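Here is how the chains run, residue by residue.
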Amino acid sequence: MGYKKALSDISRHRNAYLLALSASMGSIFYGWDTGLMGGILTLESFQNYFGINKMSASAQANFNGNIVSIMQAGCFFGVLCTSWVSSRFGRKRSLIASGIIYLIGSLIQAVVGLGSSQVVALRVLYFGRFFAGIGVGMVSALAPSYISECMPRHIRGRCTGLVQFSNNVGMMLSFWVNYSASINIASSDMQWRMPFVVQLVSGVLFVLLMLPQPESPRWLVEKERYDEAAATLAYVVRTSVDDKAVLLTLDEIKADFIGKQQISLPTQFRLMGESRATALRCLIPSIVTFFQQWTGTNAINYFSPQIFAALGITGTSSGLFATGIYGLVKVIAVGLALAFAAESWGRKLCLFIGGLGQGLTMLWIGGFGAIHPQNTIVPASYVSIIAVYLYAVFYCIGWGPLPWVVASEVAPNHVRTAALTFAVSVNWLFSFMISRLTPVMLEKITYGTFLLFGMCCMTMAAWTYFFLPETKGYALEDIKYLFEKDVIVRSLEDAPGGRVFLGGRRAMPVEEMRRAADGVQDSDSSQIAEKGEEERIEVADLQI
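All of these numbers come straight from a predicted model, not from anything done at the bench.

Enquirer: Tell me about the overall build of the protein chain, and name the residues and values.
Expert: Looking only at helices and strands, one finds 26 helices and zero strands in the protein chain. Relative to the compact-globule value of 24 Å for 544 residues, the protein chain shows a C-alpha radius of gyration of 24 Å, a close match. Projected onto its principal axes, the C-alpha coordinates of the protein chain cover approximately 80 × 55 × 45 Å. Taken across its 544 residues, the protein chain has 59% of its residues classed as buried. Taking contacts inside the protein chain between residues at least 6 apart in sequence as the whole, the part at least 24 apart equals 82%. Carbon and sulfur atoms provide 65% of the accessible area of the protein chain, an area that totals close to 20600 Å². The centroid of the 42 positive side-chain charges in the protein chain is displaced by 7 Å from the centroid of its 37 negative side-chain charges.

Take a look at the structure:
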């Protein structure tokens with residue numbers, strides 16, 4: 001997309017972009033904490049306050065794992081309550097509630113230890129992180145779904161990917177706040193409290209920005225509030241409720257919900273296995289969020305100062321500065337990927353290239369650690385440091401923003417809440433596990449940590465190539481046809497060079513499957529369908 005065309009598109013769909021930006025602001029929570037805690041753990045003032053510097057190396061590794069992973073535990077439980085809350089009260093109000101919960105947890109962390117002993121302060125810190133995690137977990141499950149349900153199809157991938165962009169912005173800001181605290185604030189309680197205080201700003205902004213946003217049109221249709229759903233659709237594409245695109249989209253959503261309105265959550269979980277196609281569509285969101293954690297990104301996000309130290313960058317401030325550059329690289333890379341790759345390359349190619357690139361860089365870092373275990377600088381050390389930054393670039397091309405896009409697109413509408421809740425629960429469960437194990441792995445198996453993650457990245461690249469169809473450009477109501485038959489054939493058709501494996505086999509085009517499902521098969525009906533299709537193409541840019 002050219003520069004002028006991109007600006008014109010943003011102006012035309014500014015309401016949609018504002019809605020996506022407002023909801024994705026919640027993702028700053030997680031990004032902020034990811035970078036925040038890893039940096040705070042390296043501050044001498046924090047170590048002195050909680051007596052960490054008096055622990056053995058093994059005890060320190062366990063403490064680091066516990067203090068980081070306790071938030072992931074809160075996130076897991078937050079996700080579990082999201083299904084009922086969002087189905088009962090709607091996406092918008094649930095998002096606002098998640099922001100308020102996060103603010104309370106952040107405030108507890110900022111004032112921890114005031115007027116209490118070291119032992120009590122540590123317990124309160126654990127509680128504050130767990131409580132804030134509930135809000136983070138809720139927003140991580142709700143934001144991608146809410147954005148995807150509201151966006152016009154041709155910008156849906158880019159807008160849903162803003163969730164990861166905001167995550168990286170929060171991470172980058174926290175990296176630089178930590179660096180600023182380390183060089184500008186004397187070693188005291190305020191040095192480590194200040195980053196906790198600053199994180200309140202993102203929570204306040206998120207709540208304020210979400211207040212004027214509309215409710216999800218698909219949730220409104222599920223509750224049979226059709227006029228409000230039409231108003232939301234019209235607001236997003238900046239047109240009237242009587243516009244052809246609005247009415248067509250509303251009819252498609254209604255048709256998809258026929259006989260399925262207000263399905264209870266237990267019933268949704270049961271319906272996830274109602275057919276092979278539905279089960280596959282409900283499984284893929286969990287697969288991509290599972291793979292996202294096994295890229296090893298959180299190993300670097302949380303413990304990057306320690307990793308840079310192992311590569312020869314010594315000193316707290318130097319490590320935090322290198323980590324800040326890492327955060328800046330991720331923000332620039334994910335911004336460029338969303339602007340130019342997500343909608344032009346497609347989901348599949350981005351995930352495939354990202355997985356290969358991450359695998360190669362992780363294997364290099366692990367191999368370098370194996371042949372050069374000392375913390376001294378040699379020429380290959382600089383290559384390894386560059387490899388860490390290249391890893392960030394490849395992550396932002398694929399397995400950073402795209403799993404959320406794929407998960408929110410593939411999940412069936414009538415069981416979307418249950419499917420995405422399960423997927424995000426998987427994400428947080430393995431985020432908790434990896435965050436808990438990473439410091440222990442770095443101490444016990446050192447370079448083997450990176451070799452493990454490198455092989456996982458190669459595995460997910462292969463899975464993407466052979467088993468994931470491209471979802472770019474399809475309405476949410478049409479994605480079901482991608483998984484009804486010949487899934488592997490369709491996946492290889494969409495893969496670069498994949499048709500070599502197929503010979504003359506081809507999957508049935510989605511348009512033909514839709515016409516067959518509508519009963520449009522004879523010649524007269526085909527003419528009507530072609531006329532309807534022309535009308536559909538005219539309004540495709542505005543359809544959601």
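Enquirer: Please set out the confidence of the model for the protein chain residue by residue, giving values where relevant.
Expert: Averaged over every residue, the pLDDT of the protein chain is 87; residues scoring 70 or more account for 93%. Of all the helices and strands in the protein chain, helix α26 (residues 523–538) carries the lowest mean pLDDT, 42, while helix α23 (residues 448–467) carries the highest, 96. Segment residues 521–538: pLDDT under 50, and 17 contacts once partners within four positions in sequence are set aside and those in other chains are kept.

Enquirer: Provide a residue-level description of the pattern of salt bridges, including the pertinent values.
Expert: Applying the stated criterion across every chain, the model contains 10 salt bridges. Of the charged contacts in the structure, one is a salt bridge between E149 and R91, with a shortest N-O distance of 3.1 Å. You can see E149 sitting in helix α7 (residues 118–150) and its partner R91 sitting in helix α6 (residues 91–110), a full 58 residues away along the chain. Measuring nitrogen to oxygen at the nearest pair gives 2.6 Å for the salt bridge that ties R514 to D478. With R514 in helix α25 (residues 510–517) and D478 in the loop between α23 and α24 (487–494), this pair connects stretches of sequence that are 36 residues apart. Neither R514 nor D478 differs from the other in exposure class; each is buried. Because the salt bridges share partners, they merge into one network encompassing R91, E149 and R416.

Enquirer: Break down the side chain of S86 for me, with residues and values.
Expert: Turning to its location among the elements, S86 is positioned in helix α5 (residues 57–89). Owing to a relative accessible area of 2%, S86 belongs among the buried residues under this scheme. A distance of 3.3 Å separates a polar side-chain atom of S86 from the backbone oxygen of S83.

Enquirer: Which residues make up the nonpolar core, and what values go with them?
Expert: Among the nonpolar cores identified, the biggest contains 139 residues, and F46, W192 and Y326 are the most heavily contacted of them. Among residues more than four places away in sequence, those in contact with W192 are I40, L43, S45, F46, Y49, F50 and V112. Judged by nonpolar contacts, the second largest core, of eight residues, contains F352, A461, A495 and A507.

Enquirer: Tell me what's going on with the packing of aromatic side chains, and back it up with residues and numbers.
Expert: Counting across every chain of the model gives 30 aromatic pairs. Ring geometry for F46 versus F50: centroids 4.8 Å apart, planes at 50°, classification tilted. Of the two residues examined, F46 and F50, each falls in the buried class. For the ring pair F175 and Y326, a centre distance of 6.5 Å and an interplane angle of 50° mean the geometry is tilted. Taken together, the residues span a long stretch of sequence, with F175 in helix α9 (residues 162–184) and Y326 in helix α18 (residues 316–340) at a distance of 151 residues. Neither residue differs from the other here; F175 and Y326 are each classed as buried. An aromatic cluster is defined as three or more aromatic residues linked by ring pairs; in this entry it consists of F290, F291, W294, W399, F430, F453 and W463. The ring of Y49 has R193 sitting right over it, with the charged end atom 5.8 Å from the ring centre.

Enquirer: Give me the lowdown on the packing of α7 against helix α21 (residues 402–410), citing residues and values where you can.
Expert: Packing of α7 against α21 brings their axes to within 9 Å, and their N-to-C directions diverge by 65°. Two packed elements cross with a definite hand, and for α7 against α21 that hand is right-handed. Of α21, the residues touching α7 (which contributes S140, P144, S145 and S148) are W404, S408 and E409.

Enquirer: Residue-level account of the environment of C75, with values.
Expert: Structurally, the position occupied by C75 is in helix α5. Owing to a relative accessible area of 1%, C75 belongs among the buried residues under this scheme. Residues C75 and G137, 62 residues apart in the sequence, show an inter-C-alpha distance of 3.8 Å. Here C75 is in contact with G133, I134, V136, G137 and W428, once residues within four sequence places are set aside.

Enquirer: Quick one: what's the story with helix α22 (residues 416–444), residue by residue and with numbers?
Expert: Taking 1.5 Å of rise per residue, the 29 residues of α22 would be expected to cover 42 Å, and the 41 Å separating its terminal C-alpha atoms lies within 8% of that figure. At T438, α22 shows its strongest bend, of approximately 35°, with the proline P439 following within four residues. Backbone geometry just downstream of α22 places T446 in the positive-phi region, at approximately 40°.

About the thresholds
Residues numbered from 1 in each chain as written. Predicted model: local features only at pLDDT ≥ 70, side-chain atom pairs only at ≥ 80, totals over all residues. Heavy atoms only, no water. Helix = DSSP H or I, 4+ residues; strand = E, 2+ residues; numbered from the N terminus. Rg over C-alpha atoms; globule rule 2.2 N^0.38 Å. Buried < 20%, exposed > 50% of the residue type's maximum accessible area, 1.4 Å probe, protein only. Contact = heavy atoms within 4.5 Å. Areas by Shrake-Rupley, 256 points an atom, 1.4 Å probe, with all protein chains shown as cover. Lys, Arg positive; Asp, Glu negative; His and termini not counted. Charge placed at Lys NZ, Arg CZ, Asp CG, Glu CD. pLDDT = per-residue confidence, 0-100. Salt bridge = Lys/Arg side-chain N within 4 Å of Asp/Glu carboxyl O. Polar contact = N/O pair within 3.5 Å; in protein donor to acceptor, adjacent residues only side chain to side chain. Core = buried A, V, L, I, M, F, W, Y, C linked by side-chain atoms within 4.5 Å. Phe/Tyr/Trp six-rings, centres within 6.5 Å; stacked < 30°, edge-to-face > 60°. Lys NZ or Arg CZ within 6 Å of the ring centre and 35° of its normal. Axes fitted to C-alpha atoms, helices over the stretch in contact; angles between N-to-C directions. Left-handed = near helix turned anticlockwise from the far one by under 90°. Expected span 1.5 Å × (residues − 1). Bend = angle between axes of the 7 residues up to and from the residue.

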